[in-house]
Amino acid sequence: MSGTEHLSVTRQGATLVLTMNRPEAKNALSLALLVGLWDGWQEADADDSVRSVVLTGAGGDFCAGMDLKALAGRGMAADSYRDRLKEDPDLHWKAMLRHHRPRKPVIAAVEGACVAGGTEILQGTDIRIAASGATFGLFEVRRGLFPIGGSTVRLPRQIPHTHALEMLLTGRAYTAEEAARIGLVGQVVPTGTALEHALDLAEQINACGPLAVEAVKASVYESAAMTEAEGLAAELVRGWPVFDTADAKEGARAFTEKRPPLYRRA
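So, a few notes on the structure that sits alongside this text.

Moving on to the pattern of salt bridges. The full count for this structure, using the stated rule, is 16 salt bridges. A salt bridge links Glu 166 to Arg 172; the shortest N-O distance between them is 3.2 Å. Its relative accessible area of 33% is what places Glu 166 among the partly exposed residues. In this structure Arg 172 comes out as partly exposed when scored by relative accessible area, which is 27%. We note a salt bridge from Glu 257 to Arg 259, for which the minimum N-O separation is 2.6 Å. Assessed through its relative accessible area of 47%, Glu 257 is described here as partly exposed. Ionic contacts of the salt-bridge type, sharing partners, join the residues Asp 48, Arg 103, Glu 214 and Arg 265 into one network.

What follows is the structure, encoded as structure tokens:
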């Protein structure tokens, strides 16, 4: 497993769990956390035994955005992470899912604060489960700043236009119930159970054919900016090869034989 002092990486079956682990700072983004996140996304992509990813935070919060003090920190550990940024100037954007889309489904399990950069990372995930006590918001304009993690582009594509502009232009906080009502998250669950529900959902995904799951996710995103005709044509390119896989045949056999399928990514 990879990971850094600020990111915990664990396995639960076929699910890779990435836990932002700076509870004393509400898991605000540090150099170590950004490097750890990018390493975690790469690990998930490279390991075929990983079928889904859950992103969560430690200590009852998801992520409170950038920690400017930590990012400006000095010391041997900080310098080693700073060297990684020098080697790859795009690393922080890839870590925040602005410039990288994992090929495996990513489920966000949100407790507590998920604001500023936390809400921006959230928009790079595929499925979002929020605890009833979670708080969301893009506070940047209140501080005279710009939400440059992708929100002015992604948010109006993910939730209705008027709700996106209200969130972006007021910089106010949103409850979990409000976030669900406008479509920013899909489920609201009791406080303290977001990770449990996310892992349950991940297991449902893990039981499906991995090649089919990855092709479906890729098709959804690559067709988003296409016309309907272009998207339908691209869907055939993605979809037809799945029918020729051994996993597709196994799925049909398992259905006929009334048993769980044994998918082998083949």
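Another point: the environment of Ala 176. Mapping Ala 176 onto the fold places it in helix α8 (residues 176–181). Judged by relative accessible area, which is 0%, Ala 176 ranks as buried. Spatially, the C-alpha atom of Ala 176 lies 21 Å from that of Met 96, the residues being 80 residues apart in sequence. With residues near it in sequence (within four places) discarded, Ala 176 still touches Ala 130, Ala 131, Ser 132, Ala 134, Phe 136, Val 185 and Val 188.

With that settled, consider the nonpolar core. By size, the foremost hydrophobic cluster in this structure holds 48 residues, and its most contacted members are Leu 37, Trp 41, Val 110, Phe 136 and Leu 184. If you tally residues by element for this core, the top one is helix α1 (residues 31–46), at 9 residues. Residues within four places of Leu 184 in sequence aside, it is in contact with Leu 122, Arg 128, Phe 136, Leu 155, Ile 159, Met 167 and Ala 179. Among the nonpolar cores identified, the runner-up in size contains 14 residues, and Ala 109, Ala 131, Val 189 and Val 213 belong to it.

Within a sheet, each strand pairs with its neighbour through backbone hydrogen bonds, oriented either parallel or antiparallel. Here we have 6 strands laid out as an open sheet, ordered β1-β2-β3-β4-β6-β9, and mixed in their pairing. The outermost strands of the open sheet, each flanked by one partner alone, are β1 (7–12) and β9 (187–189). Averaged over all neighbouring strand pairs, the angle between strand axes comes to 20 degrees, with direction disregarded. With 6 bridges connecting them, strand β2 (residues 15–20) and strand β3 (residues 52–57) associate as parallel partners.

Another point: helix α6 (residues 151–158). Think of an α-helix as turning once every 3.6 residues; residues three or four places apart then point the same way. Among all positions of α6, only Ser 151, Arg 154 and Leu 155 are buried. Down the axis of α6, the smallest arc covering the buried residues is 95 degrees, so these residues share one side. Buried residues along α6 sit in contact with α5 (117–122) and α7 (161–170).

Our focus in this paragraph is the sheet that holds strand β8 (residues 174–175). What the 3 strands build is an open sheet, ordered β5-β7-β8; its pairing is mixed. Each having just a single partner strand, β5 (113–115) and β8 make up the two edges of the open sheet. Examined bridge by bridge, β5 and strand β7 (residues 135–137) share 3 bridges and lie parallel to one another. Paired with Val 115 across the two strands is Gly 137, which belongs to β7.

Another aspect to go through is the packing of α6 against α7. One way to put it is that α6 packs onto α7 with a least axis distance of 7 Å and a crossing angle of 145 degrees. Considering how the two elements wind past one another, α6 and α7 form a crossing that is right-handed. For the pair α6 and α7, the contacting residues are Ser 151, Thr 152, Leu 155 and Pro 156 in the first and Ala 164, Met 167 and Leu 168 in the second. Here the contact of α6 with α7 is built from residues that sort into 5 nonpolar, 2 polar and no charged.

Before going further, it helps to spend a moment on the side chain of Arg 22. Note on placement: Arg 22 falls in the loop between β2 and α1. According to the relative accessible area criterion, Arg 22 is buried, its value standing at 7%.

The next thing to look at is helix α12 (residues 246–257). The end-to-end C-alpha distance of α12 is 16 Å, a good match for the 16 Å that 12 residues give at a rise of 1.5 Å each. Every buried residue belonging to α12 is among Asp 247, Glu 250 and Ala 254, and all of these are buried. For α12, the arc enclosing every buried residue in end-on projection is 55 degrees, short of the 170-degree limit, so these residues lie on one face. Among the exposed residues of α12, those oriented more than 90 degrees off its buried face are Phe 255 and Thr 256. Buried residues along α12 sit in contact with α10 (210–222). The positive-phi residue at the C-terminal boundary of α12 is Lys 258, with phi of around 55 degrees.

What counts and what doesn't
Residues numbered from 1 in each chain as written. Predicted model: local features only at pLDDT ≥ 70, side-chain atom pairs only at ≥ 80, totals over all residues. Heavy atoms only, no water. Salt bridge = Lys/Arg side-chain N within 4 Å of Asp/Glu carboxyl O. Buried < 20%, exposed > 50% of the residue type's maximum accessible area, 1.4 Å probe, protein only. Helix = DSSP H or I, 4+ residues; strand = E, 2+ residues; numbered from the N terminus. Contact = heavy atoms within 4.5 Å. Core = buried A, V, L, I, M, F, W, Y, C linked by side-chain atoms within 4.5 Å. Pairing = 2+ DSSP bridges. Axes fitted to C-alpha atoms, helices over the stretch in contact; angles between N-to-C directions. Arc of directions from axis to C-beta. Left-handed = near helix turned anticlockwise from the far one by under 90°. Nonpolar A, V, L, I, M, F, W, Y, C, P; charged D, E, K, R; others polar. Expected span 1.5 Å × (residues − 1).

By themselves these figures say nothing about function.
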